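# Fold and contact review
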Amino acid sequence: MNFTSPSLSFSSTSVSVEPLERDPQKVPFVAWYVGEKLFYRSDACHCFEELEFFAKRTAGYRLEDSAGSAAGEPSLQLLSPEHLAPVFLMWPHRRFNVRLTDATKPEVPMMDGSSIPFFCEMRKFCGAPEELVFYDAPVHAEWDLHAVGTSLRGAEGDAAIHGHVRITPAETFEVEYVLDRNVARDGYDLKSAASVSIYSPENLYQIFMARTFIHQVELERAQAAGLLAGVDESCGLLLAAGDCATQNSACSPKFRIANEPAMHKILDLIGDLSFICPALPRVRIEITNGGHVSHRQIMEKIIPYVHAGIFTQV
C-alpha cells in the first residue's frame, strides 16, 4: 500500500505500508524504515530511547548512525508518524513494515490531516479490526505546562503556566483533553474539550476521523518563519480569524465530528504513544493545552511499562 500527499514541509511525500504475517504469539510489531535503512522497530522498544526527540509542529525523531556519521552523512530523521501509528493498533497480531520512500523527505504524508485515509486503505488488505491490546502502567504523576518560548511570565518571572497534565491508573485507556487558547497568550481564541474511553476498535474509529487543525493566525506566523511549506487546504482544518463563535461550538458545521480540535489532539496523543509500540497503556490522562512536547513527557513516564512487555486484550 502506498500513500502520497503533501506533508508539513514538502509538496509531495510518500510512505508505503507492507502487512506481514499474522501471529498472535508475537508482540505487536511495526518496523519503520527511512529510505532503505531501518529506523526503529517496536519489538525492540528499549531502543526507542536511542532516538532523539524534537518537535517542529509535529513529532520528530533523529537517529545517529555511527557508520553514517563517520562518513559525514547527516543523521536519519523521521517526522509526523502520529497519524499513521495509531492505525496499527487495529491489527495488533499482524506485523508491518513502514517505509518512508525518500530519505531526503522523511515526513509521513498528511493525507487529509486525519488517520481515516490510512485506516480505510489498510482495512481492504488486513480485514476486520482485531481486539485491541493493552498493558498495565501504574503511573501516578502530574505537572504544569509552561509557556516556554513566549514573553509571558508568572509572578516570579518564570515562564507562565498555560496547562497541566495528570496521569493515574485506569481499567482501560482514557483521555480528557482541553484546549483553552486566548488572544492575549496565543493570538487567537479557541475553546474545545473532549473525553474518550477506549475499549474497542469502534472507539478508535471515531477518533481517527478528527483532522489536524491550525488557526489562520498560526498559519501566517509559521509561514512567515519559513515553516509549513507543504501544506494546503486539503491537509486539514483551517480555523479562520473572526469566527470564534462558530469554532468554539462543539458541533460547528466546519467540524467533521463534535469537538474536532480536541479530538484531534487526542489522536495526536495516541499517535505519539503508539509509535513506541502498537498497544495502549491502561491509564487516565487529563491534559490541558498539551502538544507533542507534553505527549513526549507522558511517554517517558510510561516507557518502563512498555519495556515490561506484558500485553493483554480487553
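Source: prediction; values computed, not measured.

## Remarks on the overall build of the chain
- Helix and strand counts for the chain stand at eight helices and 17 strands.
- Looking at the chain as a whole, 54% of its 314 residues qualify as buried.
- Partitioning the intrachain contacts of the chain with sequence separation of at least 6 by distance along the chain shows that 73% fall at a separation of at least 24.
- About 13400 Å² of surface is accessible on the chain, with carbon and sulfur atoms providing 51% of the total.

## Topic: the pattern of salt bridges
- For the coordinates displayed, the defined rule picks out 18 salt bridges.
- Put simply, R284 and E176 hold a salt bridge, and the shortest N to O gap is 2.8 Å. Of this pair, R284 sits in strand β16 (residues 280-288) while E176 sits in strand β12 (residues 173-181); the two residues are 108 residues apart in sequence, bridging distant segments of the chain.
- Taking relative accessible area as the criterion, R284 reaches 23% and is therefore assigned partly exposed.

## A short note on the nonpolar core
- Ranked by size, the top nonpolar core spans 85 residues in total, and within it W32, L84, M122, F173 and I298 carry the most contacts.
- Among the elements that line this core, the one with the most residues is helix α7 (residues 260-274), at seven residues.
- Sequence-distant contacts of L84, that is, excluding residues within four places in its chain, are made with V15, V17, W32, V98, V108, F118 and M122.
- Core analysis: the second largest hydrophobic core is formed by seven residues, L219, A222, L228 and C235 among them.

## What to know about α7
- Helix length check: α7 (15 residues) gives 20 Å between terminal C-alpha atoms against 21 Å at 1.5 Å per residue, within 8%.
- In terms of burial, α7 is a largely internal element, 15 of the 15 residues being buried.

## Overview of helix α8 (residues 292-308)
- In this model, α8 (17 residues) spans 24 Å end to end at C-alpha, consistent with the 24 Å of a helix rising 1.5 Å per residue.
- Helix geometry: α8 is bent most strongly at I302, by close to 45 degrees, with proline P304 lying one to four residues after it.

## Brief notes about the confidence of the model for the chain
- Here the chain averages 87 in pLDDT, and 88% of its residues register 70 or above.
- Counting contacts from residues 150-157, a segment whose pLDDT is below 50, to residues more than four positions away or on other chains yields nine contacts.

## Looking at the packing of α7 against α8
- Running from amino to carboxyl end, α7 crosses α8 at an angle of 45 degrees, the nearest separation of the two axes being 9 Å. Between α7 and α8, the angle falls in the class oblique. When the axes of α7 and α8 are compared, the crossing they make is right-handed. Along the contact surface, α7 presents K265, D268, L269, D272 and L273, while α8 presents H292, H295, I298, M299 and I302.
- Grouping the constituent residues of the contact of α7 with α8 by class yields five nonpolar, two polar and three charged.

## A word on the pairing of strand β13 (residues 190-198)
- Burial along β13 is one-sided: L190, S192, A194, V196 and I198 are buried, while K191, A193, S195 and S197, pointing the other way, are not.
- Taken together, the nine bridges between β12 and β13 define a ladder with antiparallel strand orientation. Following the sheet pairing, F173 is matched in β13 by I198.

## Things to note about the sheet that holds strand β7 (residues 76-79)
- Pairing is antiparallel in the open sheet, where three strands are placed in the order β5-β6-β7. Lying at the two open borders of the sheet, with one neighbouring strand each, are β5 (52-55) and β7. In this sheet, adjacent strand axes meet at a mean angle of 25 degrees when their direction is disregarded.
- Pairing of β5 with strand β6 (residues 59-63) involves four bridges; the strand directions are antiparallel.

## Structural notes on the sheet that holds strand β3 (residues 30-34)
- Strand order in the open sheet made by the five strands is β1-β2-β8-β3-β4, with mixed pairing throughout. Bordering the open sheet on either side are β1 (2-5) and β4 (37-41), each of which pairs with just one other strand. Strand-to-strand twist of the sheet, defined as the mean angle between neighbouring strand axes without regard to direction, takes the value 20 degrees.
- With four bridges connecting them, β3 and β4 associate as antiparallel partners. Considered in β4, the bridge of Y33 is made with L38.

## Overview of empty space enclosed by the protein
- Within this structure, the stated rule accounts for two cavities of 30 Å³ or more.
- By volume, the second largest cavity is sized at about 30 Å³.
- Taken together, V30, W32, S42, A85, F88, S274, F275 and P278 make up the lining of the second largest cavity.
- Partitioning the lining of the second largest cavity into residue classes produces six nonpolar, two polar and no charged.

## Topic: the environment of Y33
- As for its placement among the helices and strands, Y33 is situated in strand β3.
- The spatial distance from the C-alpha of Y33 to the C-alpha of R99 is 4.5 Å, given a sequence separation of 66 residues.
- Once you skip the residues sitting within four places of it in the chain, Y33 turns out to touch L38, F39, N97, V98, R99 and L100.

Rules used throughout
Residues numbered from 1 in each chain as written. Predicted model: local features only at pLDDT ≥ 70, side-chain atom pairs only at ≥ 80, totals over all residues. Heavy atoms only, no water. Helix = DSSP H or I, 4+ residues; strand = E, 2+ residues; numbered from the N terminus. Buried < 20%, exposed > 50% of the residue type's maximum accessible area, 1.4 Å probe, protein only. Contact = heavy atoms within 4.5 Å. Areas by Shrake-Rupley, 256 points an atom, 1.4 Å probe, with all protein chains shown as cover. Salt bridge = Lys/Arg side-chain N within 4 Å of Asp/Glu carboxyl O. Core = buried A, V, L, I, M, F, W, Y, C linked by side-chain atoms within 4.5 Å. Expected span 1.5 Å × (residues − 1). Bend = angle between axes of the 7 residues up to and from the residue. pLDDT = per-residue confidence, 0-100. Axes fitted to C-alpha atoms, helices over the stretch in contact; angles between N-to-C directions. Parallel < 35°, antiparallel > 145°, perpendicular 65-115°, else oblique. Left-handed = near helix turned anticlockwise from the far one by under 90°. Nonpolar A, V, L, I, M, F, W, Y, C, P; charged D, E, K, R; others polar. Pairing = 2+ DSSP bridges. 1 Å grid on protein atoms, 1.4 Å probe; cavity = no way out; pocket = protein on both sides within 12 Å on 5 of 7 lines; lining within 4 Å. Points joined across faces, edges and corners; volume = space filled by probe spheres on them.

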